[in-house]
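Next come the chains, spelled out residue by residue.
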Amino acid sequence: LLCDNGLKEDNVVSSLITDFGAKIHGGTHHQDHYLGRIAPIFIGSFGTFTWTQAFLSRAREIHLPYVGIMKLGSSWNWWDALFIDDDPRIYYHDISGTGTFLSAQQVKEEDSEFSK
């Protein structure tokens, strides 16, 4: 798990440590980026730092979030502009509630605000 040591008390981080035996790794930004790129399974968050790790990743599975109820370009985040749709290793997770693992093609085909 790549995160700041100060986040050990965060609910999600502590759950990953307790329930799945995750270990916190971290260092400089360059080291964190490298560790993310070589992880066998990459689970990312929103942001360009994560996107570049996913794009350059050697992982056999890549999991990234999206917001199905967000209209295209309706946020400062512009995550839709970074949407990777040509890598079969990537699974998308709608954080607005569906909880499903979707391929990029499935995300584009679903009837959501994001895909319109």
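These figures come from a predicted structure and were not determined experimentally. (Residues numbered from 1 in each chain as written. Predicted model: local features only at pLDDT ≥ 70, side-chain atom pairs only at ≥ 80, totals over all residues. Heavy atoms only, no water.)

Scanning the protein for helices and strands turns up 4 helices and 4 strands. Scored against the burial criterion, the 116 residues of the protein give a buried share of 33%. In the protein, 42% of the contacts between residues at least 6 apart in sequence involve partners at least 24 apart. For the protein, the accessible surface area stands at approximately 7600 Å², while carbon and sulfur atoms represent 57% of it. (Helix = DSSP H or I, 4+ residues; strand = E, 2+ residues; numbered from the N terminus. Buried < 20%, exposed > 50% of the residue type's maximum accessible area, 1.4 Å probe, protein only. Contact = heavy atoms within 4.5 Å. Areas by Shrake-Rupley, 256 points an atom, 1.4 Å probe, with all protein chains shown as cover.)

A cluster of nonpolar side chains, Leu2, Tyr34, Leu35 and Ile38, forms an exposed patch at the surface whose accessible area comes to about 300 Å². Relative to the elements of secondary structure, Leu2 occurs in the segment before helix H1 (11-20). (Patch = residues over 30% accessible without salt bridge, like charges linked within 9 Å, V, L, I, M, F, W, Y side chains within 5 Å. Salt bridge = Lys/Arg side-chain N within 4 Å of Asp/Glu carboxyl O.)

With the rule as written, the count across this model stands at 2 salt bridges. Where Lys108 meets Asp85, a salt bridge forms, and the shortest distance between an N and an O atom there is 3.1 Å. Within this pair, whereas Lys108 is found in helix H4 (residues 104-109), its partner Asp85 is found in the loop between strand E2 (61-66) and strand E3 (90-94), the two being separated by 23 residues in sequence. By relative accessible area, which is 39% here, Lys108 ends up partly exposed. With a closest N to O distance of 2.7 Å, Arg89 and Asp87 form a salt bridge. Residue Arg89 is classed as partly exposed on the basis of its relative accessible area, which comes to 21%.

With mixed pairing, the 4 strands of this open sheet are ordered in space as E1-E2-E3-E4. Each edge of the open sheet carries a strand with a single partner, namely strand E1 (41-43) and strand E4 (101-102). As paired strands, E2 and E3 are joined by 5 bridges and run parallel to one another. Residue Ile62 lies in a different strand from E3, and its bridge partner there is Ile90. (Pairing = 2+ DSSP bridges.)

Considering all chains together, one arrives at 2 aromatic pairs under this definition. On the basis of an interplanar angle of 15° and a centroid distance of 5.1 Å, the ring pair of Trp51 and Phe55 is categorised as stacked. Note that Trp51 and Phe55 are positioned in helix H3 (residues 48-56) at a spacing of 4 residues, about one turn of the helix. Aromatic side chains Tyr91 and Phe101 sit 6.5 Å apart centroid to centroid with 55° between the ring planes, which places their arrangement in the tilted category. In this pair, Tyr91 sits in strand E3 while Phe101 sits in strand E4, placing the two residues 10 residues apart along the sequence. (Phe/Tyr/Trp six-rings, centres within 6.5 Å; stacked < 30°, edge-to-face > 60°.)

Another aspect to go through is the pairing of E2. Of all 6 residues making up E2, 5 are buried, and the element is well covered by its neighbours. Here E1 pairs with E2 via 3 bridges, running parallel. Within E2, the residue paired with Ile43 across the bridge is His63.

By themselves, these observations are geometric and do not establish any function.
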